[in-house]
Amino acid sequence: MAKIICVLYDDPVDGYPKSYARDGLPKIDHYPGGQTLPSPEATDFQPGTLLGSVSGELGLRKYLESLGHTFVVTSDKDGPDSVFEKELHDAEIVISQPFWPAYLTAERIAKAPKLKLALTAGIGSDHVDLQAAIDRGITVAEVTYCNSISVSEHVVMMILGLVRNYIPSYQWVVKGGWNIADCVARSYDVEGMHVGTVAAGRIGLAVLRRLKPFDMHLHYHDRHRLPDAVETELNVTWHDTVEDMIKVCDVVTINCPLHPETENLFNEKMLSKMKRGAYLVNTARGKICDRDAVARALESGQLAGYAGDVWFPQPAPKDHPWRTMPHHGMTPHISGTSLSAQARYAAGTREILECWFEGRPIREEYLIVDRGKLAGSGAHSYSAGDATGGSEEAARFKNK
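Residues numbered from 1 in each chain as written. Predicted model: local features only at pLDDT ≥ 70, side-chain atom pairs only at ≥ 80, totals over all residues. Heavy atoms only, no water.

Engineer: Would you mind going over the overall build of the protein chain in detail, with residue names and values included?
Structural biologist: Helix and strand content of the protein chain: 15 helices and 13 strands. On C-alpha atoms alone, the protein chain measures out to a radius of gyration of 21 Å, which is about the 21 Å that the 2.2 N^0.38 rule sets for 400 residues. In terms of its C-alpha atoms, the protein chain occupies a principal-axis envelope of roughly 65 × 50 × 40 Å. Out of the 400 residues in the protein chain, the part that is buried amounts to 56%. Of all intrachain contacts in the protein chain linking residues separated by at least 6 positions in sequence, the fraction that spans at least 24 positions is 70%. The protein chain carries 42 positive and 51 negative side-chain charges, and their two centres are separated by 1 Å. (Helix = DSSP H or I, 4+ residues; strand = E, 2+ residues; numbered from the N terminus. Rg over C-alpha atoms; globule rule 2.2 N^0.38 Å. Buried < 20%, exposed > 50% of the residue type's maximum accessible area, 1.4 Å probe, protein only. Contact = heavy atoms within 4.5 Å. Lys, Arg positive; Asp, Glu negative; His and termini not counted. Charge placed at Lys NZ, Arg CZ, Asp CG, Glu CD.)

Here it is as structure tokens:
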């Protein structure tokens, strides 16, 4: 029987919810483009409940224990004395979420000789050293598309929040003020602005579709160009380099995976090529941006605003400069873990596990690494290598 370690974020500070704001979720059968939602043989949870925290257990305990497997769920993931590290030595499967990632570095993989499957409950498997997984023949899978629309909605919210100066305006209300001039001194309309996405995959394309009704000028860079019909439909301009795109954009949104080619892509040099006073939104991965260069760009006015919900490492240390830099709209990594998204990625995790234990093929679109090479979505979106360097800094969050 297998041992499965599942690393999830902590429950709410007031305890696991006994009731919810809404009674259920809208019915969705497929994603844009036709891909069907996860289709496990069964589920043991109520859609719309909190599944991504420790007590939620992704709705998996009944299923896994009925098969005789050992199921360990923890939020304690960082440092040599963590539950994750102590339990890893005989684990066959590790399940983790991008929002509270269990970093599977080469060192940790070397300590886990029985490890066969690294499963991301969500999308984005950069917390796994993909090169080490390739070398060891470990399968890496994720629930492709499960929360792509969730993230695209978050991107649009953050763009509007930055440009319209929403957060400082809200804070004036909380403080009891009516300071209209203070609120609008940094407030603009998005109408007529040029917005570009770095990558136009499932998330980036969804962002473009949602911004088109705002009468913005749309741009994108991607190594896979969109079909002519889509470019015509959206009246979107393709750029063959990121540098070419960002110099014409008032708003840039980053929607590409993290891998060695995109690590620190937005460094001091790249930021200097953007329009002065542009806005940058990053819901992809924190390590795509140079942490200190972003803070300096906000302080100098090169950037008018920066928003996102991705940091490096995660959780971010309490002294991370993005917590205190000016004109930011940062949130914890939440864009892809709405209650709506959780129902989909919990079901997708169950589907992948059913396939694994029953010896059936995992959906091609769910595969990142398989049989010693990049596969499925991994072959389309990633490059081989490692982007986990520095992840040990996450231990500072719990030690401070």
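Engineer: Quick rundown of the pairing of strand β7 (residues 217-221)? Include the residues and the values.
Structural biologist: Burial of β7 is extensive: four of the five residues sit out of reach of the surface. Sheet analysis places strand β6 (residues 194-198) next to β7, joined by five bridges and oriented parallel. Looking across to β7, one finds that H194 is bridged to H217. Each parallel crossover has a hand, and for β6 linked through helix α8 (residues 202-211) to β7 it is right-handed. Examined bridge by bridge, β7 and strand β8 (residues 236-238) share three bridges and lie parallel to one another. Pairing of Y220 across the sheet is with W238, part of β8. (Pairing = 2+ DSSP bridges. Right-handed = clockwise from strand over helix to strand, strands pointing away.)

Engineer: Describe the nonpolar core, naming the residues involved and giving the relevant values.
Structural biologist: Among the nonpolar cores identified, the biggest contains 91 residues, and L58, I95, L104, I159 and L353 are the most heavily contacted of them. Of all the elements, helix α5 (residues 148-163) adds the most residues to this core, at eight residues. Contacts of L58, omitting those with residues within four sequence positions, involve C6, L8, F45, L51, G52, I95, Q97, A121, Y345, A346 and T349. Listed in part, the 33 residues of the second largest apolar core include A199, V252, L271 and A293. (Core = buried A, V, L, I, M, F, W, Y, C linked by side-chain atoms within 4.5 Å.)

Engineer: Explain the sheet that holds strand β9 (residues 251-254) to me, and be specific about the residues and the numbers.
Structural biologist: If you trace the six strands from one edge of the open sheet to the other, you get β8-β7-β6-β9-β10-β11, paired in parallel fashion. The outermost strands of the open sheet, each flanked by one partner alone, are β8 and β11 (303-308). With strand direction ignored, the average angle separating the axes of adjacent strands in the sheet is 20 degrees. Two elements, β9 and strand β10 (residues 278-282), share four bridges in a ladder whose sense is parallel. Across the sheet, the residue bridging to T253 is V281, located in β10. Sheet contacts for α8: β6, β7, β8 and β9; angle to β7, the most-contacted strand, approximately 175 degrees. (Axes fitted to C-alpha atoms, helices over the stretch in contact; angles between N-to-C directions.)

The quantities given are spatial measurements derived from coordinates; they are silent on function.
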